[in-house]
Amino acid sequence: MEFCDEPLHLSINKAARKIKKRETSSLYNSLRSIYEDSTFVAEIGGLWPDLPLVANLRCGLWYTPRFDATCYFKSTDGHQNNWSFSTARFNLHLAILSGQRGGCIIVDSTRKGKRFPDSMSKTIPIWCCVLNWSIYHHLQRTCGVQEEGHSINLDWDTSLHLPSWVPQTEKAAIEYLLPKWINEFESCGVDISSLAHALKKPLRPLWISQSTLIWLNEVPSYQSWDFTPVILVSASGQDGLVKQMVQAEFSWRYIPGAGDDEESWARGLMPDLFWKNAFKIIDAGPEECNRMVSEIVERDRVYRTQRGEYVPQVKVGAAKYLPSEELGLQVIDSSGVLKNETNFADSKGVFWIGSTCIAVASILDVCDESVDFDCMLNCDASARISVSMSSDAYLNLPMVNSKMDRFSLYRSLSSAVNFAKFQLLRGKRMLICCQNGEDISICVSLAILTCLFDESGNFDGGESFKRKSVTKWEMRKRLVFICNFAIKARPSRGNLKQVFAFLTSEEEH
């Protein structure tokens, strides 16, 4: 019988690396590193106090107690030879916010021994360039610039601006792919006219790290620039290296990009909860940190449970029957592109998708009595909900992320679409909720919108779906429409694949 387990076979070097990794990723080291880096973030925010401070999810959320908005740019879209412009994460709300406020400051960090994550050095610059080109094309069309085969020279910067450390060969390779991304962006139904109306100057990224020299008496005014600044602040330390820090009572290790991969170290602590107790946690030191965080997390869990946030009592108003013409969306023009109506979200984070009578939300946001809906589809696999509505107005379909179960969403979509069809035919207002309101609920609403609404956005109970084959491009256009309203949407690639597999399988029946 073999009694030895794998750790006993580790070499001395491997064991030493594991011990060092465990020490450097301890809870106190991570929180103290975040706390130290937050001072730098606050200083940069103070240089341009009128610009909104935006966290790039999820790491960026740790570095200040207050953010004006969030965005989601993935570093993998900027990795060398894997460059991409995501059509599932347009971040259009960020572009509009930047236009309204004159720019923005985005906060993120990285662990990988470099000053900036690839999300800042390449993903966001690509995003800025694609949006600038699309707005430029829109301005050409609206200004009637075709005169004798020549275009009017509009003063609108469409260059790809990358940081100086990105090689020219890599820049050239990215520029080669730009026309493809621009065409994809312009073809999937985005309301570019709204972007052009909000942005009076082209977007342009600027990079600031802890090694950037800034003369405080010569800080330029962003209003004087001929572009809309997207200031990219990397909170990581100067050289991106782990350092041993010593003070009177104890020592600790500085970890660059400590806010990354919170599941591996945070022990249930979330950024907002950390900042409510930051001084107490930091002063406690390494010896008391784990115990104190455990107490804070448990106390918060009990508090939320007592308030009904984890076991919400859902109350709904009387059923409202709407005329069929109010169930549909409008179209922009004869091309059949879904119109982007004004975003609407109530004060509790419930996002209504146009006039479809469908809303998406986090399970934690549905306990507010002011949320007005008639039926509910609960996709969360862990939350328990007590509902005060008839049995045919509530359906619980527990679904988990594709990383945990690659077919969880796929197995449930048929029941979800049937439930939605039954409710919408009766003129009901339906709420779809999941754990965070950003992934599974978005994918479920995408399947419903594709199956039960025609190209013009009118509810037809699935008649048009029976007559037409669904392509990935058609599904993407519908996703863009949903994201115009649910601005926090972050559907994962694995879940989107399950939606497409479901749609194609339904066509075969």
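Residues numbered from 1 in each chain as written. Predicted model: local features only at pLDDT ≥ 70, side-chain atom pairs only at ≥ 80, totals over all residues. Heavy atoms only, no water.

The protein chain has the name Initiator tRNA phosphoribosyl transferase family protein in an unreviewed UniProt entry, where Rhynchospora pubera is given as its organism.

### What to know about helix α3 (residues 92–101)
Operational definition: To sort residues, take the accessible area from a 1.4 Å probe on protein chains only and compare it with the maximum for the residue type: under 20% means buried, over 50% means exposed, and anything in between is partly exposed. Here a helix means four or more residues in a row that DSSP labels H or I, a strand means two or more in a row labelled E, and each is numbered from the N terminus.
Listed as buried for α3 are L92, L94, A95, L97 and S98. Of the residues flanking the end of α3, it is G102, one or two places downstream, whose phi is positive at about 90°.

### A word on the pattern of salt bridges
Let me state the cut-off plainly: By definition here, a salt bridge exists when the distance from a side-chain nitrogen of Lys or Arg to a carboxyl oxygen of Asp or Glu is within 4 Å.
On inspection of all chains with the given rule, the structure shows 16 salt bridges. With a closest N to O distance of 2.9 Å, R32 and E36 form a salt bridge. Placement of both R32 and E36 in helix α2 (residues 27–47) is noted, with a separation of 4 residues, approximately one turn of the helix. Across the pair K466 and E463 runs a salt bridge, and its minimum N-O distance is 3.6 Å. Highlighted residues: K466 and E463, both in helix α11 (residues 463–467), separated by 3 residues, approximately one helical turn.

### Describing the packing of helix α9 (residues 408–425) against helix α10 (residues 440–452)
Defined as follows: For helices, the axis comes from a line fit to the C-alpha atoms of the stretch in contact; other axes are also lines fit to C-alpha atoms, and the angle between any two N-to-C directions lies between 0 and 180 degrees. Angular relationships are summarised with four words: roughly parallel below 35 degrees, roughly antiparallel beyond 145, roughly perpendicular across 65 to 115, and oblique for the angles in between. Handedness of a crossing is defined here by the sense of rotation of the near helix relative to the far one, left-handed for an anticlockwise turn of less than a right angle and right-handed for a clockwise turn. A contact between two residues is defined here by any heavy atoms of the two lying within 4.5 Å. Only Asp, Glu, Lys and Arg are considered charged in this grouping, and only Ala, Val, Leu, Ile, Met, Phe, Trp, Tyr, Cys and Pro are considered nonpolar; every other residue, Gly among them, is considered polar.
In the contact formed by α9 and α10, the axes pass within 9 Å of each other and the chain directions differ by 60°. Overall, the two elements α9 and α10 adopt an arrangement that is oblique. Considering the relative orientation of α9 and α10, their crossing is right-handed. Residues L409, L413, A416, V417, A420, K421 and L424 of α9 form the contact with α10, whose participating residues are I440, C443, V444, A447, I448, C451 and L452. Here the contact of α9 with α10 is built from residues that sort into 13 nonpolar, no polar and 1 charged.

### Side note on the environment of K276
Relative to the helices and strands, K276 is located in helix α7 (residues 271–276). Along the sequence, K276 and P65 sit 211 residues apart, while their C-alpha atoms lie 8.1 Å from each other.

### Some details on the sheet that holds strand β5 (residues 228–234)
This is how it is decided: Pairing between strands requires that DSSP locate at least two bridges from one strand to the other.
Taken together, 5 strands build an open sheet; the order of strands is β2-β1-β3-β5-β4 and the sheet is parallel. Each of the sheet's edge strands pairs with one partner strand only, and the pair in question is β2 (69–71) and β4 (203–208). Each strand axis lies, on average, 30° off the axis of its neighbour in the sheet, ignoring direction. Across 6 bridges, β4 lies against β5 in parallel orientation. Residue pairing across strands places W207 opposite L232, the latter belonging to β5. Of the strands in this sheet, β1 (53–56), β3 (104–108), β4 and β5 are in contact with helix α4 (residues 118–142), which crosses β4 at around 165°.

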